[in-house]
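Listed here are the chains, written in short residue letters.
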Amino acid sequence: MNQVVIYTDGACKGNPGPGGWGVLMRAGTMEKELFGGELGTTNNRMEMMAVIEALAALKRPCDVTLFIDSQYVLKGITEWIHGWKAKGWRTASKEPVKNVELWQRLDELVSKGGHRIDWRWVKGHAGDPGNERADMLANKGVDKALGRG
């Protein structure tokens with residue numbers, strides 16, 4: 001399996017407000033940057049979109065080390081999602097899961113992509129070079145959404 005290192009980040013100017021997502025992918029000596037954005041979104045949605053777009057960009061099953069600074073996405077995909085699915089996409093308090101369509105897309109990419117994913121949390125805005133580049137790309141995504149990019 002190809003080894004791929006991925007850094008993802010989301011950004012939002014206001015919450016809700018214009019937002020962006022950014023992805024830095026490395027495989028050997030190759031690097032790829034992805035970014036995009038939306039108007040009227042939330043930070044959590046942009047964090048999720050970054051991971052979704054990163055995994056969707058992989059053309060074959062890979063051995064992925066995925067660095068993410070969002071506890072919401074990390075805990076959601078590695079812990080909470082099992083209970084949500086068992087409860088028909090409801091939370092412990094029987095409320096509908098927020099961002100359910102994104103969780104379902106992410107779940108499908110994770111479960112059907114054939115990837116081995118090592119989910120790693122990294123502290124945001126703490127000088128990690130990969131995270132800082134993903135953050136810069138997420139901000140480019142905000143500019144793109146605002147028609148400035």
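Every chain's residues receive numbers from 1 upward, in the order its sequence appears when written. Given that this is a predicted model, residues contribute local features only at a pLDDT of at least 70 and side-chain atom pairs are listed and counted only at 80 or more, while totals for whole chains, interfaces and linings are drawn from all residues. Excluded from the side-chain calculations are hydrogens and water; all other atoms, namely the structure's heavy atoms, are used.

**Regarding unusual backbone geometry**
Here comes step 1: Residue Pro-16 is bonded to the preceding Asn-15 through a cis peptide linkage, with omega at 15 degrees.
Here comes step 2: Each helix corresponds to a stretch of at least 4 residues labelled H or I by DSSP, and each strand to a stretch of at least 2 residues labelled E; elements are numbered beginning at the N terminus. As for its placement among the helices and strands, Pro-16 is situated in the loop between β1 (2–12) and β2 (17–27).
Here comes step 3: The phi torsion at Lys-94 lies on the positive side, around 65 degrees, for a residue other than glycine.
Here comes step 4: Among the secondary structure elements, Lys-94 is positioned in the loop between α2 (71–86) and α3 (100–112).
Here comes step 5: In this structure Lys-94 comes out as exposed when scored by relative accessible area, which is 63%.
Here comes step 6: One non-glycine residue with positive phi stands out, namely His-125, at about 55 degrees. The cut-offs for exposure are 20% and 50% of the maximum accessible area for each residue type, with area from a 1.4 Å probe on protein chains only; residues under the lower value are buried, those over the upper are exposed, and the others partly exposed.

**Side note on the pairing of β2**
Looking down a regular strand, the side chains alternate between one sheet face and the other.
Here comes step 1: Of all the eleven residues making up β2, nine are buried; the element is thus mostly covered by neighbouring parts of the structure.
Here comes step 2: Across eight bridges, the pairing between β1 and β2 is antiparallel. When the sheet's bridge partners are listed, Asp-9 is paired in β2 with Gly-22.
Here comes step 3: Note on pairing: DSSP must find at least two bridges between two strands before they are called paired. Counted between consecutive antiparallel strands, the loop separating β1 from β2 contains four residues, among which Gly-14 sits at a positive phi close to 95 degrees.
Here comes step 4: Strand direction decides the pairing type here: β2 and strand β3 (residues 30–41), joined by ten bridges, are antiparallel. Paired with Gly-17 across the strands is Thr-41, a residue of β3.
Here comes step 5: Counted between consecutive antiparallel strands, the loop separating β2 from β3 contains two residues, among which Gly-28 sits at a positive phi close to 65 degrees.

**Regarding the side chain of Thr-8**
Here comes step 1: Structurally, Thr-8 can be placed in strand β1.
Here comes step 2: Overall, Thr-8 belongs to the buried group, its relative accessible area being 0%.
Here comes step 3: With residues near it in sequence (within four places) discarded, Thr-8 still touches Gly-22, Val-23, Ala-50, Val-51, Ala-54, Leu-66, Phe-67, Ile-68, Asp-69, Asn-131 and Ala-134. Pairs of residues are marked as contacts when any of their non-hydrogen atoms sit within 4.5 Å.

**Observations concerning helix α1 (residues 43–56)**
Here comes step 1: Expected helix span is taken as 1.5 Å per residue step, with the number of steps being one fewer than the number of residues. When the terminal C-alpha atoms of α1 are compared, their 20 Å separation across 14 residues agrees well with the 20 Å that a helix rising 1.5 Å per residue should span.
Here comes step 2: Along α1, the residues that are buried comprise Met-46, Glu-47, Met-48, Met-49, Ala-50, Val-51, Ile-52, Ala-54 and Leu-55.

**Here we look at the packing of aromatic side chains**
Here comes step 1: A pair of aromatic rings is counted whenever rings of Phe, Tyr or Trp (Trp by its six-membered ring) have centres within 6.5 Å, and the orientation is called stacked for planes under 30 degrees apart, edge-to-face for over 60 and tilted otherwise. Tallied over the entire structure, the rule returns four aromatic pairs.
Here comes step 2: When the centroid spacing of 6.0 Å and the interplanar angle of 55 degrees are considered together, the rings of Trp-80 and Trp-84 count as tilted. Of this pair, Trp-80 and Trp-84 both sit in helix α2, four residues apart, which is roughly one turn of that helix.
Here comes step 3: Given a relative accessible area of 10%, Trp-84 falls into the buried group.
Here comes step 4: Site record: aromatic cluster; members linked through ring pairs are Tyr-72, Trp-80, Trp-84 and Trp-103.

**As for the sheet that holds strand β5 (residues 116–121)**
Here comes step 1: Reading across the sheet, the five strands line up as β3-β2-β1-β4-β5 and stay open at both edges, with mixed pairing between neighbours. Of all strands in the sheet, those bounded by a partner on one side alone are β3 and β5. Along the sheet, successive strands turn relative to each other by an average axial angle of 20 degrees, direction set aside.
Here comes step 2: Judged from the six bridges that link them, strand β4 (residues 62–68) and β5 form a sheet pairing that is parallel. Residue pairing for β5: Leu-66 is matched across the bridge by Trp-119.
Here comes step 3: Axis definition: a line fitted to C-alpha atoms, limited for helices to the stretch in contact. Angles are taken between N-to-C directions and run from 0 to 180 degrees. Running at roughly 155 degrees to β1, α1 makes contact with β1, β2, β3, β4 and β5 of the sheet.
Here comes step 4: Here α2 sits on the sheet and contacts β4 and β5; the angle it forms with β5, its principal contact strand, is near 140 degrees.

In short, geometric facts, not functional conclusions.
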